[in-house]
Amino acid sequence: MIARLAGTLAELSADSAVLDVRGVGYLVLASGKTLSALPPVGGDVVLLTELQVREDSMTLFAFGSAGEREAFRQLTSVQGVGGKVALAILTILTPDELARAVSAGDKAMIARASGVGPKLAQRIALELQGKLGLPATLAPGTPLAASGATNDALSALANLGFKPAEAASAVAAAAEELGPSATLDALVRLALRKAAK
């Protein structure tokens, strides 16, 4: 099993890179986030990897962090999610954002990835519940709220185009101000006001 590669970046494309490791070129597929963080061609690179062996192919996937690799492993454990679909999801969502989307049951956030339809997004959200390391907080100093209204408010803001971190911060501030008995309507209204500031 190839778990890590350290070498020189020889080639870079939209969805892959070639690493020269002592004269051997390794073609790796990676998320857009990982590829965009790489140095220019000729730069030194260290990537974590996951080798997938199929009957007709061997594919090496590369990651910029252990968290991204773990999220990839969890995603590919879901029926219907192959390596390329998992990378598409990790291109639009960081591992923390994916964990938040799964914990909130936010299928729309997951379905933003290329190749992920509503049914597959729902399966991912259901099957990965409790399997992804959830971030300890939504926003600095704010405990992760478990109420249905809070999760629905997060989903509502995300569907309106707010980034996951912005939505989480605004909803957490609104929930803290309104208390545990807040209605969804009140939470969304106050969160929108806070996000607009």
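Rules used throughout
- Residues numbered from 1 in each chain as written.
- Predicted model: local features only at pLDDT ≥ 70, side-chain atom pairs only at ≥ 80, totals over all residues.
- Heavy atoms only, no water.
- Core = buried A, V, L, I, M, F, W, Y, C linked by side-chain atoms within 4.5 Å.
- Buried < 20%, exposed > 50% of the residue type's maximum accessible area, 1.4 Å probe, protein only.
- Helix = DSSP H or I, 4+ residues; strand = E, 2+ residues; numbered from the N terminus.
- Contact = heavy atoms within 4.5 Å.
- Axes fitted to C-alpha atoms, helices over the stretch in contact; angles between N-to-C directions.
- Parallel < 35°, antiparallel > 145°, perpendicular 65-115°, else oblique.
- Left-handed = near helix turned anticlockwise from the far one by under 90°.
- Nonpolar A, V, L, I, M, F, W, Y, C, P; charged D, E, K, R; others polar.
- Pairing = 2+ DSSP bridges.
- UniProt positions renumbered as here; feature names shortened; annotations may be inferred.
- Salt bridge = Lys/Arg side-chain N within 4 Å of Asp/Glu carboxyl O.

## Structural notes on the nonpolar core
Then step 1. Counting 30 residues, the largest nonpolar core has L75, V81, I89, L98, I110, V116 and I124 as its most contacted members.
Then step 2. Secondary structure elements with two or more residues in this core: β5 (58-63), α2 (66-76), α3 (83-92), α4 (95-103), α5 (107-110) and α6 (118-127).
Then step 3. Counting residues in hydrophobic clusters, the runner-up holds 15 residues, among them A149, L157, A182 and V188.

## A word on the environment of A88
Then step 1. Mapped onto the elements, A88 comes out in helix α3.
Then step 2. Expressed as a C-alpha distance, the spacing of A88 and R112, which sit 24 residues apart in the sequence, is 9.3 Å.
Then step 3. Apart from the residues lying within four places of it in its own chain, the contact partners of A88 are A113 and S114.

## Remarks on the packing of α2 against α3
Axes are the key here: two packed helices are described by the angle between their axes and the distance separating the axes.
Then step 1. Running from N to C, α2 and α3 cross one another at 130 degrees; their axes reach a closest spacing of 9 Å. Taken together, α2 and α3 sit at an angle that is classed as oblique. For the element pair α2 and α3, the recorded crossing hand is right-handed. Judged by residue contacts, E68, A71, F72, L75 and T76 of α2 engage G83, A86, L87, I89 and L90 from α3.
Then step 2. Residues belonging to the contact of α2 with α3 are distributed by class as follows: seven nonpolar, two polar and one charged.

## Quick notes on the pairing of strand β4 (residues 44-53)
Then step 1. Sheet topology places strand β1 (residues 4-12) next to β4; five bridges connect them, and they run antiparallel. The partner of T8 across the bridge, within β4, is D44.
Then step 2. Both β4 and β5 contribute to a ladder of six bridges, which runs antiparallel. Opposite V53, over in β5, you have M58 as the bridge partner.

## What about the UniProt feature "domain: Helix-hairpin-helix DNA-binding motif class" (unreviewed entry) in the protein chain?
Then step 1. The UniProt entry lists residues 73-92 and 108-127 under the feature "domain: Helix-hairpin-helix DNA-binding motif class" (unreviewed entry), expressed in the numbering used here.
Then step 2. Secondary structure over residues 73-92 splits into 70% helix and 0% strand, and the C-alpha atoms at its two ends are 17 Å apart.

## Structural notes on the sheet that holds β5
Then step 1. On the basis of which strands lie adjacent, the closed barrel formed by five strands has the order β1-β2-β3-β5-β4 and mixed pairing. For this sheet, the mean inter-axis angle between neighbouring strands, taken without regard to orientation, is 55 degrees.
Then step 2. Relative to strand β2 (residues 16-21), β1 runs antiparallel, the two being bridged by four bridges. Bridge pairing links T8 to D20 in β2.
Then step 3. Strands β4 and β5 of the sheet are contacted by α2, whose axis makes an angle of about 15 degrees with β4.

## A few points about the side chain of S31
Then step 1. Within the secondary structure, S31 is located in the loop between β3 (24-30) and α1 (32-36).
Then step 2. The class of S31 is buried, set by a relative accessible area of 0%.
Then step 3. With near-sequence residues (within four places) excluded, S31 lies in contact with E68, L87, L90 and T91.

## Some details on the pattern of salt bridges
Then step 1. Taken as a whole and assessed by the stated rule, the structure comprises four salt bridges.
Then step 2. As a salt-bridge pair, E50 and R73 come within 2.8 Å of each other at their nearest N and O atoms. One end of the pair, E50, is in strand β4; the other, R73, is in helix α2, and 23 residues separate them in sequence.
Then step 3. On the basis of relative accessibility, which here comes to 15%, the residue E50 falls in the buried class.
Then step 4. On the basis of relative accessible area, R73 is assigned to the partly exposed category, the value being 35%.
Then step 5. For K194, the salt bridge identified is with E177, shortest N-O distance 3.0 Å. Residue K194 is found in helix α9 (residues 184-196), and its partner E177 is found in helix α8 (residues 164-178); the two are separated by 17 residues along the sequence.
Then step 6. On the basis of relative accessible area, K194 is assigned to the partly exposed category, the value being 24%.
Then step 7. For E177, a relative accessible area of 52% corresponds to the exposed category.

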